[in-house]
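# Observations on chain architecture
One letter stands for each residue in the lines below.
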Amino acid sequence: MSPTLRLTVAQALVRFLAAQYTERDGARHRLIDSCWGIFGHGNVAGLGQALVESGQGPNAPLPFHQGRNEQAMVHAAVGFARQRDRLSAQAVTTSIGPGATNLVTGAALATINRLPVLLLPGDTFAGRPADPVLQQLEHPGAGDISVNDTLRPVSRWFDRVHRPEALIPAALGAMRVLADPVETGAVTLALPQDVQAEAYAWPRAFFRERVWRVPRPAPDPDALAEAAAMVRAARRPLLIAGGGVHHSGAHDALCALVDATGIPVATTQAGKGALRHDHPGEVGGVGHTGTAVAAGLARSADLVIGVGTRFTDFTTASHSLFADPAVRFVHLNIASHDAHKLAALPLVADARTGLRALAGALAGHRVPAAYTAEYTEGRRRWAEVVDAATAPSAGGGPPTQPQVIGALADAVGDEDVIINAAGSLPGDLHKLWRARSPRQYHLEYGYSCMGYEIPAAIGVALAAPERAVWALVGDGTYLMMPTEIVTAVQEGLPIKLVLVQNHGYASIGGLSQATGAERFGTDYRFRAPDGTFTGAPLPVDLAANAASLGMEVLRATSGDTLRQALAAARAAEGPVAVYVETDPEPAAPAAPAWWDVPVAQTATRPAAVAARAGYEREAAARRRYL
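Residues numbered from 1 in each chain as written. Predicted model: local features only at pLDDT ≥ 70, side-chain atom pairs only at ≥ 80, totals over all residues. Heavy atoms only, no water.

L239, L254, F322, L408, L429, W433 and W470 are the most contacted members of the largest nonpolar core, which has 87 residues in total. The element that contributes the greatest number of residues to this core is helix α8 (residues 221-233), accounting for six residues. If we ignore the near neighbours within four places in the chain, the residues touching L408 are I418, W433, W470, L472, V498 and L566. (Core = buried A, V, L, I, M, F, W, Y, C linked by side-chain atoms within 4.5 Å. Buried < 20%, exposed > 50% of the residue type's maximum accessible area, 1.4 Å probe, protein only. Helix = DSSP H or I, 4+ residues; strand = E, 2+ residues; numbered from the N terminus. Contact = heavy atoms within 4.5 Å.)

Next up, the structure:
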């Protein structure tokens, strides 16, 4: 047998990707499960031909999914990777020009959320036989720049394959980053369209099966001993669980630590579900969109133990939430960059390994009984708040958004997945949703990207076909990107869409009012005679739109009909939408912690003047944790 194999660059890449695996805890996973694509002149004769050449169907080496929007394809791949605990990813191929630049938002979302996705945009000719080619950006100061360079700052790894043989180090580097839980995010291999179709004699060793082992590093013994001493000395410790708990599969380790020590656990948006909602130590979401009990514990905590969290501004209430003058931080994170935040004692380790080690170092230790009684009472009081907000009303009018959440909670099973990303729903869900399994709650709040929910639901459904998957979407988000409904219909994926109509940007409207901008430009209404958008609501029928894209649509007009529609949707075998108009009042419980959105320092309108005064009062509590 010849030691080489003659293939095009695109054919070689497809064969290479099909032979890549991850392995953790003895379990093996396909690293690149499948490929999303929209074809144009920049990839149709390269990767498009290579995928056909390799064969499609149930046994294809690299199965193909047809998308409708390039950004949405990345969102679907991100949803897939998150559901698979970052052990499997998907590729996304596009043509050059707008197809490639449409990837940027999705790439930023993937990288910010530390979720792997492989981007394969076509690029302009490497050999420049036709210069400029269709859709090529001409830069007057640099001939080697293309629009794909917009992906550099939002990618964890970027390479441009100018020659066939350059694919070998580029592809190996890409796999290294995708499989590394510290480095992972969007990975971009820019593929000039002429190079994709060029043949080369590839060493057969390039196509051998490769296993990229995902490590579980343990914490440094000295740092672990210091952390344990800090926990033992603390009077009021609080543990904050982030998305790293899910990615590591550290749920049992976290539960064991809490059971043994009694340390309460608050969760970020990414970490919700790390403990079941009814665990005695679970105190709900933390930060600006969190629960009152978690906020109270955070303000009085003398030690905060972060596990797998990035400590973003929503979690820390813009550095105002942890108010004890002597508060200290221990941060268990697999990434050193994150572990050092807030001047924490860093425990650089895998979440599961680190939690087990910490539990061992704390053997015999338990928080004071009075502290346990305090947060137990706080849990009870907050449960009453949730019950009151989500309970169905006696009348027959439209439900409030919290009542929609309550009805959905009653309809879903423990293993269902609910997906959301933007608008007013993330805040309401963080406060009110009672997560019943580790991956039930799927909130993309690292980038809070409108348009994420529907394609992400498709990705989750592909990753976990045994689960019912719900996408919660407001009207503003729906109008951004409903296109992948067509993909769900084409693939027969039984995603369930809950489409909430409140005629505008409800979340940003509330923020606008709070910051003195008077809800300007946030309602979906006709212009009034004075030129403002204060006329009648726009007569947009989003339910009809979803139906026109092939989805079955169930309209709900009251709390009772909503519950009936949700039950029917869960039983449906194909993609289905539940459409409901909501009553904007009463709203969900108020935010228990501040969020820093600067307000105009000079203004003549009373609303802005009052908002500035309130801002200055809140900002005075902000601090640097040194």
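We are not done yet, so read on.
Okay, the side chain of R86 next. Along the chain, R86 turns up in the loop between α3 (70-83) and β6 (89-94). Of the side chains bearing the opposite charge, D350 lies closest to the buried R86, which forms no salt bridge; the N-O distance is 7.2 Å. Of the polar contacts made by the side chain of R86, one reaches the backbone oxygen of R114; its length is 3.0 Å. Not counting the four nearest positions on each side in its chain, R86 is found in contact with A81, R114, L115, P116, P181, T184 and H247. (Lys, Arg positive; Asp, Glu negative; His and termini not counted. Salt bridge = Lys/Arg side-chain N within 4 Å of Asp/Glu carboxyl O. Polar contact = N/O pair within 3.5 Å; in protein donor to acceptor, adjacent residues only side chain to side chain.)

Evaluated as defined, the whole model comprises 30 salt bridges. The salt bridge involving R160 is made with D149; its shortest N-O contact spans 3.1 Å. Note that R160 is positioned in strand β8 (residues 157-160) and D149 in the loop between β7 (117-123) and β8, a separation of 11 residues in sequence. Taking the relative accessible area as the measure of exposure, D149 reaches 18% and is therefore buried. A single salt-bridge network, built from bridges that share partners, covers E23, R28, E209 and R213.

Another aspect to go through is unusual backbone geometry. The omega angle of the peptide bond from D131 to P132 is 10 degrees, so this bond is cis rather than trans. Mapping P132 onto the fold places it in the loop between β7 and β8. Unlike most non-glycine residues, R114 shows phi in positive territory, near 60 degrees. Relative to the assigned elements, R114 resides in the loop between α5 (103-112) and β7. Exposure remark for R114: the relative accessible area of 21% places this residue in the partly exposed category. Positioned with a positive phi, S448 is a non-glycine residue whose angle comes to about 45 degrees. Its location among the elements puts S448 in the loop between β19 (441-443) and α18 (453-463).

Residue placement: A391 occurs in the loop between α15 (369-390) and α16 (401-411). Sequence-wise, A391 and A407 are 16 residues apart; in three dimensions their C-alpha atoms are separated by 8.2 Å.

Time to look at the sheet that holds strand β16 (residues 328-333). As summarised here, the arrangement of the six strands in space is β14-β13-β12-β15-β16-β17, forming an open sheet in which the pairing is parallel. Strands at the two margins of the open sheet, each flanked by one partner only, are β14 (282-285) and β17 (345-348). Across this sheet, the average inter-strand angle for adjacent strands is 20 degrees, counted without regard to direction. Looking at chain direction, strand β13 (residues 265-267) and β14 are connected through two bridges and run parallel. In the sheet register, T267 faces β14, and the bridge partner there is G285. Where α8 meets the sheet, its contacts fall on β15 (303-307), β16 and β17, and the angle it forms with β17 comes to roughly 125 degrees. (Pairing = 2+ DSSP bridges. Axes fitted to C-alpha atoms, helices over the stretch in contact; angles between N-to-C directions.)

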